[in-house]
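A closer look at the structure
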Amino acid sequence: MSPRHPAAPQRDPHKETPMPAAPTTRKQLLVIEPMSSGLTLLGAARDLGLGTVVFSHDAGDRVVPEAARAEVDTFVVVDTNDPAALAAAAARVHARTPLSGVVSGSEFYVDAAARIAHQLGLPGLPLATAEAVRDKTRMRSVLSAAGIRVPRYAPVSAPGDLDAAAAAVGFPCVLKPAAGSGSIQVSRVDDRAQLQAAYRRLTDRADFVFDQPEDGRALLEQYLDGPEYSVEGYAIGDRVTIVSLTRKLLGAEPYFVELGHVVQADLGPEARARIADYTTAVVTGLGIGLGPFHAEVRLTGEGPVLIEIGARLAGDRIAELITLATGVSLRHIMVAAHTGLDPEAVTPPAQPAAKYAAVHFFTAPGLDVLDRIDGLDVLERHPRVVEVRTYLRPGDPVPAARDLRCRLGHVVFTADSAEEEAELRAWAAATVRFA
Ligand SMILES: Nc1ncnc2c1ncn2[C@@H]1O[C@H](COP(=O)(O)OP(=O)(O)O)[C@@H](O)[C@H]1O
Ligand SMILES: [Mg+2]
């Protein structure tokens, strides 16, 4: 089953409409390592009449799926973890056919995209902003200097730092990499022994993704108690637009596996306004003045507190859920903002498909190796189901339930009420069986 495509945007004939032009003159977008939500940017670029260039290492876990690659205009193999190689490749492509914009296809290359944009004089995040959104310690220090509430935190870069950090933060706390994603190596720790074990796991090279540098940099922070939401929107200069509040569903602690997301979160107007105002202050405080952001906040007794913010599209199908439930396409907004187009002129909202849209991730606790999957066809036949995907094949080992890698697949569906959403989620979870 394929994702339901958002309705074609209504065009205003008096506004400049990007039309496909001759390949030599048309705008083109560079996407660095398109993966997860970043893959959908390529389709959005084509929708807006732009050419596409992809930079990918094309090896290990940095590869572009065959179907996406086939549609890319220019595919460049380069070590995307090497800033000098990236800069040289960008300069080469730009000299041949000028680029109009550059975006990261995942959390990991947001700062690299900003540096290339800066190098080539293209729209981009300020370099200081890009650094702060990629480094959670820096994110916290910039925000707390601006008077914005953040959890107590302490940077850690060696085992010898752990005791002082724990004394400053207090138990329970959360240990996480300074620049991670997908809840990988993030865990709650309640005492000194757990903290030391968690830091050992965090620095275990065998568990790294995308060959990220092994610098041991982590952050220990106060455990925030309260329901968690993500806040998606976009910024155009000083103007911040909050598009959606998403409820995040998590697995059992001490890990934080994301098991699902619901757009919209069921919150009263007062809580929505508090979260929206707080997030707007975070976006402004960090200087995110270009394109979509994805913030994660917990609503604590003291009000909303930031877990983290990315200056990029939300992953986990959240951008698609938002299109289904609001008609707003953040992926088109992302492409437009980063290529100098007016996002609100070229990507006006379409009709929403339903009041709620949700994703549920399948897990199989206790299963070591996947043998069989049953029930997917039942899901696919349901009129509310938009998309069903599995990530593992029979014979594949099932990773431990510590981060997003333990998820076996997902279902995206729509609903007209919060009750219907909860019923469909429970039904989907019970219908699909992994053995
Ligand atoms: N200080 C905290 N208090 C409570 N839960 C936290 C805290 N920090 C992280 N978490 C939980 O861990 C998840 C992953 O942490 P996050 O900082 O977002 O890392 P990642 O970049 O891997 O997504 C969060 O969504 C949240 O559920
Ligand atoms: Mg996160």
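The shown structure was predicted, so the numbers you read here are calculated from the model rather than taken from an experiment.

We now examine the overall build of the protein. From N to C terminus, the protein includes 14 helices and 18 strands. Computed over its C-alpha atoms, the radius of gyration of the protein comes to 21 Å, within 12% of the 22 Å expected for a compact globule of 435 residues. Counting only C-alpha atoms and orienting by the principal axes, one finds that the protein spans roughly 65 × 50 × 50 Å. Going through the 435 residues of the protein one by one, you find that 45% of them count as buried. Considering only contacts within the protein whose residues lie at least 6 apart along the sequence, 66% involve residues at least 24 apart.

Let's shift gears to the site of ligand 1. Taken together, 20 residues lie near ligand 1, and V174, G180, S183, L224 and F256 sit nearest. For the shell around ligand 1, the secondary-structure elements that each account for two or more residues are β6 (173-177), β8 (218-222), β12 (290-300) and β13 (303-310). For the shell around ligand 1, the domains that each give at least three residues are domain 2 (152-222) and domain 3 (228-434).

Moving on to unusual backbone geometry. Of note, the bond from E253 into P254 is cis; its omega dihedral lies within 30 degrees of zero at 20 degrees. In this fold, P254 is placed in the loop between β10 (239-250) and β11 (258-263). The peptide bond linking V263 to Q264 adopts the cis configuration, its omega dihedral lying at -5 degrees. Structurally, the position occupied by Q264 is in the loop between β11 and α9 (269-286). Although it is not a glycine, S183 adopts a positive phi angle of roughly 65 degrees. Structurally, S183 can be placed in the loop between β6 and β7 (187-189). Unlike most non-glycine residues, R317 shows phi in positive territory, near 70 degrees.

Next up on the list: the nonpolar core. Counting residues in each nonpolar core, the largest one holds 123 residues, and the members touching the most others are A113, L175, L220 and L321. With seven residues, helix α4 (residues 110-120) is the largest single contributor of residues to this core. Not counting chain neighbours up to four residues away, the residues in contact with L175 comprise S187, V189, L195, A198, Y199, L202, A218 and L220.

With that settled, the discussion passes to the sheet that holds β8. Strand order in the open sheet formed by four strands is β5-β8-β6-β7, and the pairing between neighbours is antiparallel. Each edge of the sheet is formed by a strand with only one pairing partner; in this case those strands are β5 (153-156) and β7. In this sheet, neighbouring strand axes are inclined to one another by 25 degrees on average, regardless of whether the strands run parallel or antiparallel. Along the sheet, helix α7 (residues 162-169) makes contact with β5, β6 and β8, crossing β5 at roughly 170 degrees.

For the protein, the assigned domains are domain 1 (28-126), domain 2 (152-222) and domain 3 (228-434). Centre-to-centre separation of domain 1 and domain 2, based on C-alpha positions: 31 Å.

Spatially, the eight strands line up as an open sheet ordered β13-β12-β9-β10-β11-β14-β17-β16, and their pairing is antiparallel. Only two strands of the sheet have a single partner each, and these edge strands are β13 and β16 (385-390). Going across the sheet, the axis of each strand differs from the next one's by a mean of 25 degrees, ignoring polarity. Here nine bridges tie strand β9 (residues 228-236) to β12, and the two strands are oriented antiparallel to one another. Its bridge partner lying in β12, E228 is registered against R298. Sitting on the sheet, helix α10 (residues 318-326) touches β9, β10, β11, β14 (356-362), β16 and β17 (409-415), and the angle it makes with β14 is about 150 degrees.

Time to look at α7. Three or more residues of α7 are buried, namely L162, A165, A166 and V169. One side of α7 carries all its buried residues, which in axial view fall inside an arc of 100 degrees. What points out from α7, more than 90 degrees from its buried face, is the exposed set D163, A164 and A167. Positive backbone phi, approximately 85 degrees, marks G170, located one or two places after α7.

Between α4 and helix α5 (residues 127-134), whose axes approach to 8 Å, the crossing angle comes to 170 degrees. In terms of axis orientation, α4 runs roughly antiparallel to α5. Contacts between α4 and α5 involve V110, D111, A114, R115 and H118 from the former and L127, A130, E131, V133 and R134 from the latter. Here the contact of α4 with α5 is composed, by residue class, of five nonpolar, one polar and four charged.

Next up on the list: the environment of V102. Within the element layout of this structure, V102 appears in strand β4 (residues 101-104). Classification of V102 by C-beta neighbours within 10 Å gives buried; the count is 31. Those residues in contact with V102, other than ones at most four positions away along the chain, are L30, I32, A113, I116, A117, L122 and H338.

So, on to the pairing of β17. The buried fraction of β17 amounts to six of the seven residues, a majority that puts the element mostly inside the structure. With seven bridges joining them, β14 and β17 adopt antiparallel strand pairing. Pairing of A358 across the sheet is with F413, part of β17. In terms of strand pairing, β16 meets β17 through five bridges, oriented antiparallel. Note on β17: the bridge partner recorded for V385 is F413.

Q264 sits in the buried class, given 20 other C-beta atoms within 10 Å. Sequence separation between Q264 and R247 is 17 residues; the distance between their C-alpha atoms is 7.0 Å. Discounting residues that sit within four places of it in the chain, Q264 has contacts with S244, L245, A325 and Y356.

Reading the values: rules and limits
Residues numbered from 1 in each chain as written. Chains lettered and ligands numbered in written order. Predicted model: local features only at pLDDT ≥ 70, side-chain atom pairs only at ≥ 80, totals over all residues. Helix = DSSP H or I, 4+ residues; strand = E, 2+ residues; numbered from the N terminus. Rg over C-alpha atoms; globule rule 2.2 N^0.38 Å. Buried ≥ 20, exposed ≤ 12 C-beta atoms within 10 Å, placed from the backbone. Contact = placed C-beta atoms within 7 Å. Near = placed C-beta within 6 Å. Domains from an automatic or database assignment. Core = buried A, V, L, I, M, F, W, Y, C linked by C-beta atoms within 7 Å. Pairing = 2+ DSSP bridges. Axes fitted to C-alpha atoms, helices over the stretch in contact; angles between N-to-C directions. Arc of directions from axis to C-beta. Parallel < 35°, antiparallel > 145°, perpendicular 65-115°, else oblique. Nonpolar A, V, L, I, M, F, W, Y, C, P; charged D, E, K, R; others polar.

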